[in-house]
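Working through the structure, step by step
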Amino acid sequence: MSYLNTLLFGIYPYIALIVLILGTWARYDQGQFTWRAQSSQMLRKKNMVIASVLFHVGILVILFGHLVGLLTPHWAYEWLITAGQKQVMAIVVGGIAGVMTLIGGGMLAYRRLTDPRVKASSTFADNMIIVVLVIQVALGLLTIPPTLGHLDGGNMLRLASWAQGIFTFQGDAADNLLGMGWIYKIHILLGLTIFVLFPFTRLVHMLSVPLEYFGRRYQVVRKRA
């Protein structure tokens, strides 16, 4: 059991990160014309705006919340809030963002899988990644009930120690997850798998920031004579 835990949470994270980094670099280098969001809004606008806003706002809050929550050392914030208070804040903010993402993502997934025009223009990767993201968010929300039973912040500190141990190349990082609830482990494993899928889906568009837009010259627009 300890060997399996080390394989899944001590070795697989590095495999996922290597695929994420090298795969993304290779896609940008070899397939820049495929590096796009490929929006389907022009095909069907009904409910698209509300679903897209809910999904994107929610998932960005979740993403940055996970980055800050997992990778910030305990000593960096313990002078301001306790681990328990941080966990409660994560539950509230993450819960709201999770519900937003689940509703928006569910609407987008339903639209992509059932609308004839959108479905015809979608690839297997498009359908697969939106379904995987919705499942992942649902799993994240399912971690809230067991977390409410441990509001001392202990589980959060163990998860943070694991994540920080991975990024600091600590060989015993996986030991932090021994005895952790299965719902947390499935959530982590699917999250790592999303890293593996990232370079091969439309998710790469989130790395494109149009910085040149802010410094470009004004466009001259003339009325028709």
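What you are looking at is a predicted structure, and each value in this text was computed from that prediction instead of being measured. (Residues numbered from 1 in each chain as written. Predicted model: local features only at pLDDT ≥ 70, side-chain atom pairs only at ≥ 80, totals over all residues. Heavy atoms only, no water.)

1. Structural notes on helix H8 (residues 182-197)
If you check H8, its first and last C-alpha atoms are 22 Å apart, about what 16 residues at 1.5 Å a residue would give, namely 22 Å. The set of residues buried in H8 consists of Ile183, Tyr184, Lys185, His187, Ile188, Leu190, Gly191, Leu192 and Ile194. Those residues of H8 hidden inside the fold are in contact with helix H1 (2-30), helix H2 (48-71), helix H5 (124-142), helix H6 (144-148) and helix H7 (154-167). (Helix = DSSP H or I, 4+ residues; strand = E, 2+ residues; numbered from the N terminus. Expected span 1.5 Å × (residues − 1). Buried < 20%, exposed > 50% of the residue type's maximum accessible area, 1.4 Å probe, protein only. Contact = heavy atoms within 4.5 Å.)

2. Topic: the UniProt feature "transmembrane region" (unreviewed entry) in the protein chain
The UniProt entry lists residues 6-28, 49-68, 88-109, 129-148 and 182-200 under the feature "transmembrane region" (unreviewed entry), expressed in the numbering used here. Taken end to end, residues 6-28 has its terminal C-alpha atoms 32 Å apart, with 100% of it in helix and 0% in strand. End C-alpha to end C-alpha, residues 88-109 measures 30 Å, and it is 100% helix and 0% strand. (UniProt positions renumbered as here; feature names shortened; annotations may be inferred.)

3. Some words on the environment of glycine 171
Tracing the backbone shows glycine 171 in the loop between H7 and H8. Remark: the alpha-carbon pair of glycine 171 and alanine 83, spanning 88 residues in sequence, is separated by 25 Å.

4. Things to note about the packing of helix H3 (residues 83-114) against H5
Interhelical geometry of H3 versus H5 gives an angle of 155° and a closest axis separation of 9 Å. Relative to H5, the element H3 lies roughly antiparallel. Handedness of the crossing formed by H3 with H5: left-handed. The residues of H5 that touch H3, namely those facing Gly95, Gly98, Val99, Thr101, Leu102, Gly105, Gly106, Leu108, Ala109, Arg112 and Leu113, are Asp126, Asn127, Ile130, Val131, Val134, Val137, Ala138 and Leu141. (Axes fitted to C-alpha atoms, helices over the stretch in contact; angles between N-to-C directions. Parallel < 35°, antiparallel > 145°, perpendicular 65-115°, else oblique. Left-handed = near helix turned anticlockwise from the far one by under 90°.)

5. What to know about the pattern of salt bridges
With the rule as written, the count across this model stands at 1 salt bridge. Measuring nitrogen to oxygen at the nearest pair gives 3.0 Å for the salt bridge that ties arginine 202 to aspartate 126. Taken together, the residues span a long stretch of sequence, with arginine 202 in the loop between H8 and helix H9 (211-215) and aspartate 126 in helix H5 at a distance of 76 residues. Residue classification places aspartate 126 among the buried residues on the basis of a relative accessible area of 5%. (Salt bridge = Lys/Arg side-chain N within 4 Å of Asp/Glu carboxyl O.)

6. Regarding the packing of aromatic side chains
On inspection of all chains with the given rule, the structure shows 1 aromatic pair. Their ring planes at 10° and their centres at 5.8 Å tell us that tyrosine 14 and phenylalanine 169 sit as a pair that is stacked. Placement of tyrosine 14 in helix H1 and of phenylalanine 169 in the loop between H7 and H8 is noted, with a sequence separation of 155 residues between them. For tyrosine 14, a relative accessible area of 23% corresponds to the partly exposed category. (Phe/Tyr/Trp six-rings, centres within 6.5 Å; stacked < 30°, edge-to-face > 60°.)

7. A word on the UniProt feature "binding site: heme b 1" (unreviewed entry) in the protein chain
Cross-referencing UniProt, the feature "binding site: heme b 1" (unreviewed entry) maps to His56 and His205 in the present numbering. In three dimensions, the annotated residues from a span of 150 residues occupy one location, with a maximal C-alpha spread of 12.5 Å. Counting through the fold element by element, histidine 56 comes out in helix H2. Of the polar contacts made by the side chain of histidine 56, one reaches the backbone oxygen of serine 52; its length is 2.8 Å. Tracing the backbone shows histidine 205 in the loop between H8 and H9. A distance of 2.5 Å separates a polar atom in the side chain of histidine 205 from the backbone oxygen of arginine 202. (Polar contact = N/O pair within 3.5 Å; in protein donor to acceptor, adjacent residues only side chain to side chain.)

8. Quick word on the confidence of the model for the protein chain
Residues at a pLDDT of 70 or more form 92% of the protein chain, whose mean pLDDT is 89. The spread of mean pLDDT over the elements of the protein chain runs between H9, the lowest at 70, and H8, the highest at 97. (pLDDT = per-residue confidence, 0-100.)

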